[in-house]
Structures are given as C-alpha cells and as structure tokens.
Amino acid sequence: MKKTLNINIGNSIVHIEEDAYEILTVYLNEVKFHFAKNADNFEIVTDIENRIAEMFADIFLVNQKQVISIEDVQSVTSQMGSVKDFQSEEEEQEDVTGAHTSQVKKLYRDTDQAVIAGVCAGLAHYMDIEDRWVRLAAILTVLLGGSGVLAYIVLWVMIPKAETRSEKMAMRGEEANLKGFANSYLHPFVNQSRGVLAEAFELLGRFVNGTGKIIFKVIALLIIITAVLGLISLIIAIVTLMGMWDTDLVHNFPFSIVNDEYFGMVTLGALLTAGIPLLALLLFAVRVAFTSRPINRTFSFVLLIFWITGLGITIYHVAKIFSEFKESAEFSQSTEVKPYSTYNLIIDRTRFFSKEDSTMYNIDPGKYMGRKILTDREDTFDMPRNVSLSIVKSDNERVIMSQNYSSRGKTFEDALRNAQNIQYSFVQQDSLLTFNPALQLKRVSNWRDQEVEFVLRVPVGTVVKISKEFSRYLNAYGYWDCDHEEGSDFTEWLMTNDGIKCRHEAISGTDK
Amino acid sequence: MMAENTQTQMRKGILEYCVLLIISKGEIYASDIIAELKSAKLLVVEGTLYPLLTRLKNNGLLSYNWVESTSGPPRKYYVLTTEGTGILNQLDYTWNELSEAIQTAKNVADKQSTNPINLKK
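Quick look at the structure, then. Since the model is a prediction, treat every value here as computed from it, not as a measurement.

A tally of regular secondary structure across chain A gives 17 helices and 16 strands. The burial tally for chain A puts 39% of its 512 residues in the buried class. When contacts within chain A are restricted to residue pairs at least 6 apart in sequence, those whose partners lie at least 24 apart make up 69%.

Here it is in structure tokens:
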C-alpha cells in the first residue's frame, strides 16, 4: 500500500504515488534550473510538462493503470532525458555545471534520530557537527538556568519535521537531484530513534498536534489575553511614568536609581525591550490559535531591529548607571553620649516639614515652616533598608555613638559627596535616644546605595531598652529573640563582658 | 571519446536541419517530430527538442497553432514560416554541397586506397 497524491501537470489531473511524485518534482526542478538562464524557460518547461502529462496519459491507456508509480516516472524521465543529456546536446553547455552541485541545507527536525523530538539532531545536521555535541550543549543550557527547556519547546514548534525524502535530503544537505535520490534509496533513512523516550515524545507531539490542538489553542488564547493585558499595563505604566516625570515618584526607589537625564531614554528602552517580546508572544499565540500568519516577515524583522535597539539603549544606560556604583566612600563621626545606666532606644516618627513634603502634600511651606508632621507610614518608601545599629561593649566608661555614612559613586569624590548628602541623626534626651525612621537626603539625588551604620558603645552593666519598632534596625538581635513581658513595647538588654545579651538570659546565666 | 565528440557535433549540426525538413512536410505535432527523429536515430532524448523548437520559433522560422486534442490538453502544431522555408532551401543547398563533398572525399579515399598515384594529379 502506498500513499498517492493528485497533481496537476500540463492541465491534467494525475494520480501519482508519493515517492514517484518526489522523483518527478526533483526532475522538474532540475529541468527548470537548467533552463533558468534561457529566455524562453517558461515555454520550454511548459512544453516538457505537457509532454510528460501526455506520456502519463499513454501509460494509463496502455497499461490500464490508475496510478503513476516510480517505474513510470523513471521511464518517462529517461525518455525525456536528464539535464546532463540536455547539456551535451546544447551550445551553451558550460554555464550550468558548477552552480548545481552545492545544495543549500535546510533546518528540519530529524525524528529518525530523535531523543525527544529531533531538534538537536536537526540542528546538528544543519551545522554539520555531530549530534552529541548539540545534545551536550542543550543539556548544559537546561542545567544552567533551564533556559534550554523553553528554547527546545520553541524550536520544536517552529522547526518543521523532515517528513518526505526530499526534506530529509535537504536536511542532510544532500543534492536533491536524481543522483542524490538514487543514493538515498541505496542508503535509506533508518529510523534510529533512541527507544522509548523518543517514542513517548513522538506520541506527545502527535497528541499536541492532534487532539491536543484544542488545548493548545486554549492555552494560546490565554496567552493572547495575558499578553494583551500585559501590553496594556505596560503602556499605562510607561505613560504614567512619563506623566510623573517631574513629581516626587521618580525620586522613590527604584526609579531613583536612574539619573534624571537618562530617564526618558531608559523608559523608552525598557518599553521596547519588554514590550516587543510580549508583542511577539502575542503574535505567535495568534498564529497558533488561528493558524494564520498575522504579520509578514518584513514586519517581524523590523520588530526584531526595534527590540535590539531597545536592548542596546537599555544596556548602554544600565552600564552607565552601573558605573556610578563603581567607587565607594564612607566617613564616620563619633558623638559622645551622656552616660546613663539605662538607655531607651526609640524611633521618632515625627519629623520637620521638608520642602518635598510641602510639594507632595501641596501645602504652603511658608505657613507651616518649622512645624512637625507625623508620618503614618511604617517605613518610608524611598530606599531599601539602609539604616542599621549595633551595640557593642565600650572599652572604657565612656558611651560613644559612631556614625558611619557610606555611599557609592562614579569616582571616590562623587561617592563621598553622596555620603555627605545623607541626613540621619539621633537625639539624646536624658536616657532617651531618639532616631529617625529612615535616612533622608539633604538635596534630591539618585539612589547610590547610601547607608548609615551606627555603632553604640556602652560599658558593661548598661541596660538598653529597645523599642519593638526599633529592633528592626538592629543588627543580629531581634525583638522576638528576647523574652519580654506580655504586651510590652520593648525588650531589655544588658551589656556583658561577652557583648550584649537579653537581660533575662544574662541574669539567669550569672545566677547559675 | 574523440569519435563520440565528433559524432555529437555532427548530429547537433544536422538536427536543426532535420527538424525543419520534417516540419516542412506539413503541420506537425511535437511528439510526432520526436517519433520521426527517433526512427531516424537522430534524437536520444526528447527533452532536447523543446528548447530547439522554441529557439527556431523565436527566430521566426516556425510558428505554431493550438489544436484541440481529444485526449488531454490542446497541442501545439508547428508549421514552417516563409522565412523558415527560405532558410530550409539554403540549408538544402548547403547539405547537397556537404554530401557531395563527403562523397568526393570518400571516392578520393577509395581511389587512393586502390591507386595511390592518382593523388598526385
């Protein structure tokens, strides 16, 4: 049993077996190629096709057949003569010879040698290397972050399977002429699939292709919806960002990383870099869902160029901004704290009105100058956590607070300037040490990893009461690590010879 | 190899002439031309004829008419144009000359083989 095709040759319909069709196609292509340089090529080829159709009609009539087989095609082509015969009989015989030998390879999936779906084997054929190296590379990409899995699936969907003999030959870069065909019949394409795994994936592929197509389309529709929503929100986000250009939002983290003068370009770059893959995903999903090609090749090429441009812009600016993190600088100052046996550490949520506040809340600064406001936010949102305090043992009886301000910048001077721009301090009121909730900048500037590190040195025996709110700023000792009375807002700590300890533990420790 | 090459050249030279001769007998279909050429053992493969016919037609020596066929697509029937007839006459003349030349050469060769002294005359 063989599969047959209907072809239209010389305006008549002919039933032809699949393998015979392949040979005939190759033959006609050779003929077309041979006469391609001839001014009358169309007429000549038409004449030849008509003649072949006539010969087929004779075969049907004489042999009482219904279908053209390989033998018929071979007898017809030998009667018609091969391109070589034409060459030897023609005047301009020198012009064709060289061009015909190099067959361009085409990328197909080689399911005959597949482990999963033949993507690697196909790539190996295409790049003319052994398939094991491609597989090794594929496994590496899977192990390193798993990007290979996605790439494999995408390639699986995109690359067509080499089904017919001529496709398999094009995949291997064999000449798709009669000689190549003869070769391929002598050395048939053996199915060397690597056992169960490939079979299973083959089945899976068939399922996805067949019954699974509906599921596939549903998934594609979901992707379309998601991608459309993503694109809309991206556009809204960009428009919002553009609209908020001059307002305070751009001075909040993470937007404050980007220098004002780059802001427009970075936004554009980000839009292109993020939006185009989203758009491509959308178009691809449309293609899968509706099995139609929504855009042509040129447009997708233009999209690719835009994406690369966007990526370039983004990378350029990211690199530029990164360079502003190159050097780090820090300076410290020490303040002597009046000695008390007990200290209370608290966060003060009140702060003075700043110029930014007045613009943010649209308040006339002249009227409220010098008044305090209460922030209702748990943590100011401008920057990542950047204030920390540690409590260590003092070598002498003095109580000292060292304040360490650090930042990054393009040069050391820049970094130092950024560090000096930090405004953060504490206030002592008897035994009460009050800290700001977050560091602030004296003048508006970009986020350059500004940090404040306070170290409080107290002599042994000093009790430190840390408010619950404050313990978040502490290095290494938390509110929950230390027993405290039910409902109490603070934990009590004691400085011992071994450093600071929770007071209960320290006392029970000395009891034993 | 040498002989083969010369043979090919010879055939190629007279193929055109023969095609014109065959067509000159009256309106004729390409596959009938092929059949005649084959019986005259002038043509090895059919494919060579089509470019030749097209070239002759484009040079104004031939023209063709589409004739409906009972079995299959309409066929091209070739006829000689007046220009073609003129050229054919010239070729006839040349062919006669050639065949005389060959005949003479053969006769000379024959005589030479029997009587070598004749050559000096």
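Let's pick the thread back up.
This paragraph deals with unusual backbone geometry. All names here are of chain A. One non-glycine residue, D128, lies in the positive phi region at around 60 degrees. Among the structural elements, D128 can be located in the loop between α5 (119-127) and α6 (131-143). The exposure class of D128 is exposed, given its relative accessible area of 63%. The phi torsion at D449 lies on the positive side, around 60 degrees, for a residue other than glycine. Looking at the secondary structure, you find D449 in the loop between β12 (440-441) and β13 (451-458).

The subject of this paragraph is the pattern of salt bridges. What the rule picks out here adds up to 18 salt bridges over all chains. For R75 of chain B, the salt bridge is made with E54 of chain A, and the minimal N-O distance between the two is 3.2 Å. Of the two residues, R75 of chain B is situated in strand β3 (residues 75-80) and E54 of chain A in helix α2 (residues 41-63); the pairing between them involves two chains. Residue class for R75 of chain B comes out partly exposed when judged on its relative accessible area of 22%. In this structure, R55 of chain B engages E16 of chain B in a salt bridge whose closest nitrogen and oxygen atoms are separated by 3.6 Å. Separated by 39 residues along the polypeptide, R55 of chain B in helix α3 (residues 49-58) and E16 of chain B in helix α1 (residues 2-24) bring together distant segments of the chain. With a relative accessible area of 29%, R55 of chain B lands in the partly exposed category. Judged by its relative accessible area of 27%, E16 of chain B is partly exposed.

All names here are of chain A. Of all five residues making up strand β14 (residues 463-467), four are buried, and the element is well covered by its neighbours. Two strands pair when backbone bridges link them, and strand β4 (residues 342-347) and β14 are joined in this way by four bridges, in the parallel orientation. Among the inter-strand pairings, T342 is bridged to a residue of β14, identified as V463. Of the strand pairs in this sheet, β14 and strand β15 (residues 490-496) are connected by five bridges, and their pairing is antiparallel. Counterpart to V463 in the pairing with β15 is L494.

The extent of an interface is frequently quoted as the accessible surface area lost upon association of the parts. Facing the 21 residues of chain A at the interface are 22 residues of chain B. Our count for the contact surface shared by chain A and chain B stands at five salt bridges. Its salt-bridge partner being E43 of chain A, residue K57 of chain B comes within 2.6 Å of it at the nearest N-O pair. At the boundary of chain A and chain B, one finds nine residue pairs in polar contact (both at pLDDT 80 or more). Listed by contribution, the elements that provide at least two residues to the side of chain A that touches chain B are α2, α3 (70-80) and α4 (83-89) of chain A. Top element by residues in the side of chain A that touches chain B is α2 of chain A. It accounts for seven residues. Among the residues forming the side of chain A that touches chain B, the class breakdown is six nonpolar, six polar and nine charged.

What follows concerns the sheet that holds β13 of chain A. All names here are of chain A. Taken together, the four strands give an open sheet; going across it, the order is β3-β8-β13-β7, and neighbouring strands pair in mixed fashion. Two strands lie at the open edges of the sheet, namely β3 (327-337) and β7 (387-393), each paired on one side alone. Put simply, the sheet's adjacent strands are angled 20 degrees from each other on average, direction ignored. Sheet analysis places β7 next to β13, joined by seven bridges and oriented parallel.

Two measures describe an aromatic ring pair: the distance that separates the ring centres and the angle between the ring planes. For the structure on display, the rule yields 13 aromatic pairs over all chains. Measuring from centroid to centroid gives 5.7 Å for F325 of chain A and W447 of chain A, while their planes differ by 50 degrees, and the two rings are tilted. Remark: W447 of chain A occurs in the loop between β12 and β13 and F325 of chain A occurs in the loop between α13 (297-323) and β3; sequence separation between them is 122 residues. Note on F325 of chain A: relative accessible area 16%, which makes it buried. Arranged with centres 5.3 Å apart and planes meeting at 70 degrees, the rings of Y424 of chain A and F454 of chain A form a pair that is edge-to-face. Here Y424 of chain A, found in the loop between β9 (422-423) and β10 (426-429), pairs with F454 of chain A, found in strand β13; they are 30 residues apart in sequence, far enough to count as distant. Overall, F454 of chain A belongs to the buried group, its relative accessible area being 1%. What links up through ring pairs into an aromatic cluster is the set F331, Y405, Y424, F426, F435 and F454 of chain A. One Lys or Arg, K76 of chain B, reaches over the ring of Y64 of chain B and ends 4.7 Å from the middle of that ring.

A word on the environment of S467 of chain A. All names here are of chain A. Position of S467 relative to the elements: it lies in strand β14. When its relative accessible area of 12% is taken as the criterion, S467 is described as buried. Separated by 122 residues in the primary sequence, S467 and L345 place their C-alpha atoms 6.1 Å from one another. Excluding residues that lie within four positions of it along the chain, S467 makes contacts with L345, I346, I347, D489 and F490.

Let us now look at the packing of helix α2 (residues 30-39) of chain B against α3 of chain B. Residues and elements named next belong to chain B. Between α2 and α3, whose axes approach to 11 Å, the crossing angle comes to 115 degrees. With respect to the hand of their crossing, α2 and α3 are arranged in right-handed fashion. Between α2 and α3, the contacting residues are A30, I33, I34 and L37 on the first element and L49, Y50 and L53 on the second. Looking at side-chain class alone, the contact of α2 with α3 contains seven nonpolar, no polar and no charged residues.

Attention now goes to the nonpolar core. For soluble globular proteins, the rule of thumb is that nonpolar side chains tend to be buried together. Ranked by size, the top nonpolar core spans 51 residues in total, and within it I52 and F56 of chain A together with L37 of chain B carry the most contacts. When neighbours within four sequence positions are excluded, I52 of chain A is seen to be in contact with I9, L24, Y27, L28, V76 and M80 of chain A. Within the second largest apolar cluster, 31 residues are counted, among which are V387, L389, V399 and I422 of chain A.

Conventions and cut-offs
- Residues numbered from 1 in each chain as written.
- Chains lettered and ligands numbered in written order.
- Predicted model: local features only at pLDDT ≥ 70, side-chain atom pairs only at ≥ 80, totals over all residues.
- Heavy atoms only, no water.
- Helix = DSSP H or I, 4+ residues; strand = E, 2+ residues; numbered from the N terminus.
- Buried < 20%, exposed > 50% of the residue type's maximum accessible area, 1.4 Å probe, protein only.
- Contact = heavy atoms within 4.5 Å.
- Salt bridge = Lys/Arg side-chain N within 4 Å of Asp/Glu carboxyl O.
- Pairing = 2+ DSSP bridges.
- Polar contact = N/O pair within 3.5 Å; in protein donor to acceptor, adjacent residues only side chain to side chain.
- Nonpolar A, V, L, I, M, F, W, Y, C, P; charged D, E, K, R; others polar.
- Axes fitted to C-alpha atoms, helices over the stretch in contact; angles between N-to-C directions.
- Phe/Tyr/Trp six-rings, centres within 6.5 Å; stacked < 30°, edge-to-face > 60°.
- Lys NZ or Arg CZ within 6 Å of the ring centre and 35° of its normal.
- Left-handed = near helix turned anticlockwise from the far one by under 90°.
- Core = buried A, V, L, I, M, F, W, Y, C linked by side-chain atoms within 4.5 Å.

None of the figures reported here should be taken as evidence of function without further support.
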